[in-house]
Amino acid sequence: MAKLLALSLSLCFLLFSSCFALREQSQQNECQLERLDALEPDNRIESEGGLIETWNPNNRQFRCASVALSRATLQRNALRRPYYSNAPQEIYIQQGNGYFGMVFPSCPETFEEPQQSEQGEGGRYRDSHQKVNRFREGDIIAVPTGIVFWMYNDQDTPVIAISLTDIGSSNNQLDQMPRRFYLAGNQEQEFLRYQHQQGGKEEQDNDGNNIFSGFKRDFLEDALNVNRHIVDRLQGRNEDEEKGAIVKVKGGLSIITPPERQARHPRGSRQEEDEDEDEKEERQPSHHKSRRGEDEDDKEKRHSQKGESRRHGDNGLEETVCTAKLRLNIGSSSSPDIYNPQAGRIKTVTSLDLPVLRWLKLSAEHGSLRKNAMFVPHYNLNANSILYALKGRARLQVVNCNGNTVFDEELEAGRALTVPQNYAVAAKSLSDRFTYVAFKTNDRAGIARLAGTSSVINDMPVDVVAATFNLERNEARQLKSNNPFKFLVPPRESQKRASA
Amino acid sequence: MAKLLALSLSLCFLLFSSCFALREQSQQNECQLERLDALEPDNRIESEGGLIETWNPNNRQFRCASVALSRATLQRNALRRPYYSNAPQEIYIQQGNGYFGMVFPSCPETFEEPQQSEQGEGGRYRDSHQKVNRFREGDIIAVPTGIVFWMYNDQDTPVIAISLTDIGSSNNQLDQMPRRFYLAGNQEQEFLRYQHQQGGKEEQDNDGNNIFSGFKRDFLEDALNVNRHIVDRLQGRNEDEEKGAIVKVKGGLSIITPPERQARHPRGSRQEEDEDEDEKEERQPSHHKSRRGEDEDDKEKRHSQKGESRRHGDNGLEETVCTAKLRLNIGSSSSPDIYNPQAGRIKTVTSLDLPVLRWLKLSAEHGSLRKNAMFVPHYNLNANSILYALKGRARLQVVNCNGNTVFDEELEAGRALTVPQNYAVAAKSLSDRFTYVAFKTNDRAGIARLAGTSSVINDMPVDVVAATFNLERNEARQLKSNNPFKFLVPPRESQKRASA
Amino acid sequence: MAKLLALSLSLCFLLFSSCFALREQSQQNECQLERLDALEPDNRIESEGGLIETWNPNNRQFRCASVALSRATLQRNALRRPYYSNAPQEIYIQQGNGYFGMVFPSCPETFEEPQQSEQGEGGRYRDSHQKVNRFREGDIIAVPTGIVFWMYNDQDTPVIAISLTDIGSSNNQLDQMPRRFYLAGNQEQEFLRYQHQQGGKEEQDNDGNNIFSGFKRDFLEDALNVNRHIVDRLQGRNEDEEKGAIVKVKGGLSIITPPERQARHPRGSRQEEDEDEDEKEERQPSHHKSRRGEDEDDKEKRHSQKGESRRHGDNGLEETVCTAKLRLNIGSSSSPDIYNPQAGRIKTVTSLDLPVLRWLKLSAEHGSLRKNAMFVPHYNLNANSILYALKGRARLQVVNCNGNTVFDEELEAGRALTVPQNYAVAAKSLSDRFTYVAFKTNDRAGIARLAGTSSVINDMPVDVVAATFNLERNEARQLKSNNPFKFLVPPRESQKRASA
């Protein structure tokens, strides 16, 4: 009985509480948008190893949604230097493969170099660090507020990463500006220029722009017990500002990772299986339904290695956060949630798939539409949605509460469009494959469809539909049942072909 | 042990977490109110089948509480056309009976017409839709953010519904303006005129004002697979704006409902039992204590019917949200929580009574005071309260943190007064029956009483009371114990009569 | 299975959900702070029994953190009159001992005078009231929003209490001004003067400034059933404003408390054991590991007494809130969480130690640093921190996201400094004992360290560190491992001595 009660309470918690996102509202009238625009990045900061492009977060549609958007490109052997933000981030990997790391305070260092490496002074010493993760094209990476994050491209293909920072999140206790806190370098944080516009004023010096550079040398010497040379490097003193947030690593990084992993991943081969493999490694065995027998031995081995390396300095509570899964693949190679070979595919990630998103209060959706296929008119129940076009182009229409068309244009690859909560939106692909990612400001974002099976029209009594729309009952019946599709509508031609 | 821990954690969650409402604060100094007013609606929009009256949400006391108030009147056979809002709504049925529906995306259609009806083209086809609910006078209806809602009056008595929209809710990710998104018609959404005042500007056309009207025809034809005529109707094109949000249904709606239901409800008869019956149908059998034997068979039958109709397309998770109870009667005919025949009665609804309110973060209270009876001075611990007078009139006094009287006037039927969080308030009825409903912006709104048994004075040591108020201990004792009533104080005369 | 699931869900809830504080963000650009200041109180209100000093809550660093700070001093036999606030408060007892009470609406009166006291009219009557708590130096007291609070000094040493009011809390549904609602007296609430500056205007009269004074006499006479004299006292009419919020109690208060308690506490003796004793009394026996045998009998006795006195008028749900622990000692005499005899000690209180803090969304930290010892550079992950120096002085450096030093000065006893979320901070003590308390706006506030063992640098792969900071691997290794300390770094001299 007690079990059942506890269970039902927890379920009730699951179902209800995550339907509201704990976030900041926009200022008065910030969302009285009569016109939306498909925006390109308006600033570009080159770095030694790549570039960061940003969208102006003061743009009204971003301010309505309280988000900031940026895009980072990393060349081969480029490292995005560690930084943290005042708000949670969702990063979508548009292209490429590589490594990323996050540092969770007070979590144990679970990756250790083997004992047998030489340990001479100045030679290779036995390193240990927190888990390093592999990412690949199509991944969503969840970066919590204040958590140090870095990423690295070890492949030839440039890595392109789209990042949404949810500055309206209740995790952000500062004001409504996105902030990057860099651990290293002398580069300006990428959103600073937009703060300038807001009246703020910062003097620029050559003494570094990272969080170490503001401390006095003696403080750091004492705190770190290192010499002045190292402190100077730490503070980014006299470092060329052009070096920037993304640096080139000569000879590449050598990172401790399980060998079978490295063998499997080169250049994105066998990606379809990657997702399963991740689940195997990162979820509880009891929650996992194994589909392949061949790897069971490897899995066992990895698990026990992991178990051993963790045995020092950890405890039960830490374990749960410290080993939380931080990424999930929703790209074209993942198994879709919605699929119609003539229309396209959609995959979503919510806090039910990736529990860390409950903390971030964010979710995402990846979609791919065939030429002339449509996503039926629908609206986001409980979230703002930031649509970023990855490939191809589509015609989108967005309608506000006054019935006005606030957007009726093409959205082409590389541009972003904000669809505010409750605004109606529909899309028709103009390319063979229009592909997009939508970042949503709720970890259990839901949509309501305005057409098709199980749409809001479909779910009302036929008499209500008839009276509502001033139709004959027969017409109302057509309205309820003529479209047999739920989400994605194939182009007319293929419908005819299929039914022929 | 694990059971107990889980249980206690869940309880702790229940008790603590719902005490804070997850909502928006007002802007700086918005609540520095030196004067409150008992407000009437200041705008009135006539429709074919009724009218909608609104209070200006930019009024300072509504802005302090971040709410919007409106009142809809539906004549016989009038349908309030489906719409959804950017914030949760609590609706109180001041008068009348009827049906309402809400559409929960991805919930199954659980009401189906029987097989034996004729199915000829153009004739009556076998309809199915989501649950339709009956409402009656005294009901609180909870409408979550973004959920499509409609209501219908099938009786002669006009339906009067007071609606509070909590735009400060964290469910609202847009700005602080109430918005209605209509599925149909050509009428302006009722709060738009107040946005105009705020500087926004919308052009008016005759192409419809609903969320379909902003889409291009070809989009809708493709998405719905219907002809142009139906699309025109959908978009409200050329529809007379005067038709409005509430339309007349010629001949009335025929809605699928259980037959025993219809037999029981006409013109509000047997209302007292209605509440029990609702509970019987909508709660878990194990939580329900049946008080009547006569209906047990009916209940059984209904339960199994329901079970069958749900068996297609549902799953465990959906079930819980899809069948959530959405209304509760707190009117004068319901069983009160606080009752004194000489003073009056009070009934509250919180998320403990109606769990969906946990999601909306709203609760409500219905009170009825006899002539010269008082509600003792008290304050709302954790909520703003919007008092709407239903019948009669009372003298109310409201005091702010500086000890100033910010309201000392009569509140008469049809007027609304905001009592901000922590402001002290007391009322004395001037009518035989002063009746009110109070909407509260917290799903577990609590009050602290400043007089009477179990008041804050009563709960302090007598010495602390004496020192605090500069009284002799004997006087402090009187202050603690002279009033034997907890909430409602009968008029002096009846007190004397009772003790005589 | 169900048990495990429920447990894991609850744990997941514990771990994730409390990491985000449900609170208000600051206005745009409120946190673009280029300079912080160590602030002293800027206003001082003398009372009959003590004084209240306040910091201007409109100061930009307090507005960024959405908090208000004040300091109350109570002389012997002084009573801080009961009041409540529109936001949760955390109070740190810098000095002294005494009693405090809070009144939880609808909780039973669990402290009762024994039957045998004389009950004649005008004589001593049998009083009963809610629990009264003892506090002592080093205590954190948690005061929820809207809960009536009073405190009393029964010792010779003046009581000094620092109070942080979290006006950004989602518990506050009014605007961003701190408000005190006094139950008694004629004094102005202490933050009113700052509202004046904001443009508000209040007329001052001599009719009292408390929440009773705004009611008309007849209302109160009816509601309380007392004579006009008592009502006048209640309303603070003609009371000298100088009497104020803290009044002198002639002859002292006599308060019902368990006798062993009184015997144990005079003048703070045996304080070290006090904490254990509290736990014993207030926690579940099963969670408690008893360390002393001598008091077991007393404990038994007290428990059964308590059980008896509570048996009337309570229920299962009330019990949990009504007996919640409201204070915890984190002072120098408590057992520290972090300790290094050469460097200092730190103790924190979070919602894991004191569950009521989950409701307030606040936590605190008490630290003590020896001369020249450092707290390593670190930042607050998910909270703003308001540092108040209790004793001695230290040099603090604070760095913002642009790498600028926003503070590099001494912080001396009596001054407060806001360290915004994610800003880096480090401290070096300049006194033999620099002691501080830090109030944090998150009930599970976490920090990330930038130096030392298990710091963010330490937890990254050595190659990433080398590439990030442009160092040789050998230097990166030094950076990772040269400082063997985690939090507190002893002065260089003592390090050498220790290793010698």
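This section reports on the structure supplied with the text. (Residues numbered from 1 in each chain as written. Chains lettered and ligands numbered in written order. Predicted model: local features only at pLDDT ≥ 70, side-chain atom pairs only at ≥ 80, totals over all residues. Heavy atoms only, no water.)

**Quick look at the pattern of salt bridges**
A side chain of one charge can pair with a side chain of the opposite charge when the charged atoms of the two come close. To keep it simple, the criterion reads: Salt bridges are counted wherever a side-chain nitrogen of Lys or Arg sits within 4 Å of a carboxyl oxygen of Asp or Glu. Working definition: helices are DSSP H or I runs of at least four residues, strands are E runs of at least two. Numbering for both runs from the N terminus. Buried residues are those whose accessible area, probed at 1.4 Å on protein chains only, stays under 20% of the maximum for their type, while exposed residues exceed 50% and partly exposed ones sit between those limits.
Under the defined criterion, the tally for this structure stands at 88 salt bridges over all chains. For B:Glu365, the salt bridge is made with B:Lys440, and the minimal N-O distance between the two is 3.1 Å. Remark: B:Lys440 occurs in strand 25 (residues 433-440) and B:Glu365 occurs in strand 18 (residues 363-370); sequence separation between them is 75 residues. Its relative accessible area of 9% is what places B:Glu365 among the buried residues. For C:Glu239, the salt bridge is made with C:Arg81, and the minimal N-O distance between the two is 3.0 Å. Of this pair, C:Glu239 sits in the loop between helix 5 (228-234) and strand 14 (246-248) while C:Arg81 is found in strand 4 (residues 78-85), placing the two residues 158 residues apart along the sequence. A relative accessible area of 10% places C:Glu239 in the buried class. Each of A:Arg44, A:Glu46, A:Glu53 and A:Arg71 takes part in a single network of salt bridges with overlapping partners.

**Digging into unusual backbone geometry**
All names here are of chain C. Even without a glycine there, the phi angle at Asn238 is positive, about 60 degrees. For Asn238, the location among the structural elements is in the loop between helix 5 and strand 14. Not every positive phi belongs to a glycine, and Ser454 is a case in point at roughly 65 degrees. Examined against the element boundaries, Ser454 turns out to sit in the loop between strand 26 (447-449) and helix 11 (462-469).

**Here's the deal with the side chain of B:Asn384**
As a reminder, the rule being used: N or O atoms within 3.5 Å of each other form a polar contact, as long as, within protein, one can give a hydrogen and the other can take it, and as long as residues adjacent in sequence are counted only when both atoms are side-chain atoms.
Turning to its location among the elements, B:Asn384 is positioned in the loop between strand 19 (374-380) and strand 20 (385-391). Within the structure, the side chain of B:Asn384 is placed 2.8 Å from the backbone nitrogen of B:Gln421, a separation counted as a polar contact.

**Some points on the sheet that holds strand 16 (residues 338-340) of chain B**
Residues and elements named next belong to chain B. Put simply, the rule is: Strand pairing follows a simple DSSP-based rule, namely that at least 2 bridges must link the two strands. In this analysis, axes come from line fits to C-alpha atoms, helices being fitted only over the stretch in contact, and the angle between any two N-to-C directions falls in the range 0 to 180 degrees.
One open sheet accounts for 6 strands, arranged 16-17-18-25-20-23; its pairing is antiparallel. This sheet does not close on itself; its edge strands, each paired only once, are strand 16 and strand 23 (416-419). Between one strand and the next, the sheet's axes are offset by a mean angle of 15 degrees, whatever the strand orientation. In this sheet, strand 18 lies alongside strand 17 (residues 344-349) in antiparallel orientation, the contact comprising 6 bridges. If you follow Val349 over to strand 18, its bridge partner there is Ala364.

**What to know about the packing of aromatic side chains**
Rule in force here: Each Phe, Tyr or Trp ring, with Trp reduced to its six-membered ring, pairs with another whose centre is within 6.5 Å; inter-plane angles below 30 degrees give stacked pairs, above 60 give edge-to-face pairs, and intermediate values give tilted ones.
What the rule picks out here adds up to 33 aromatic pairs over all chains. Here the aromatic rings of A:Phe212 and C:Phe469 are separated by 6.1 Å at their centres, their planes lie at 75 degrees, and the arrangement is edge-to-face. Remark: C:Phe469 occurs in helix 11 and A:Phe212 occurs in the loop between helix 3 (192-197) and helix 4 (217-224); the pair is interchain, linking two chains. In terms of burial, A:Phe212 and C:Phe469 fall into one category: buried. Judged by centre distance (6.4 Å) and plane angle (35 degrees), the rings of C:Phe100 and C:Phe135 are tilted. On the criterion of sequence distance, the pair formed by C:Phe100 in strand 6 (residues 97-103) and C:Phe135 in strand 9 (residues 132-136) is long-range, its members being 35 residues apart. Members of the aromatic cluster, joined through ring pairs, are A:Tyr83, A:Phe100, A:Phe135, A:Phe149 and A:Tyr182.

**Some thoughts on the pairing of strand 5 (residues 89-95) of chain B**
All names here are of chain B. With 6 of its 7 residues buried, strand 5 lies for the most part within the structure. Across 4 bridges, the pairing between strand 5 and strand 10 (residues 139-143) is antiparallel. Across the sheet, Tyr92 pairs through a bridge with Ile140, a residue of strand 10. Sheet topology places strand 5 next to strand 12 (residues 159-165); 6 bridges connect them, and they run antiparallel. The residue of strand 12 that forms the bridge with Tyr92 is Ile162.

**Overview of the side chain of A:Gln397**
Heads up, the condition is: Contacts are residue-level and defined by heavy atoms, with any inter-residue pair within 4.5 Å sufficient.
As for its position among the elements, A:Gln397 is in strand 21 (residues 393-399). Judged by relative accessible area, A:Gln397 falls into the buried class, the value being 0%. In terms of polar contacts, A:Gln397 uses its side chain to reach the side chain of A:Asp408, at 3.3 Å. Dropping the residues within four chain positions of it, A:Gln397 is found in contact with A:Phe407, A:Asp408, A:Ala424, A:Val425, A:Ala426, B:Gly214, B:Phe215, B:Lys216 and B:Phe219.

**Let's talk about the pairing of strand 6 (residues 97-103) of chain B**
Residues and elements named next belong to chain B. Summarising burial for strand 6: 7 of the 7 residues are buried, a large majority. Here strand 6 shows two buried faces, one formed by Asn97, Tyr99, Gly101 and Val103 and the other by Gly98, Phe100 and Met102. Bridging between strand 6 and strand 9 (residues 132-136) involves 5 bridges; their strand directions are antiparallel. The partner of Gly98 across the bridge, within strand 9, is Phe135. Looking at chain direction, strand 6 and strand 11 (residues 148-152) are connected through 5 bridges and run antiparallel. Residue pairing in the sheet places Met102 in a bridge with Phe149 of strand 11.

Interpretation note: all reported values are geometric properties and have no functional meaning in isolation.
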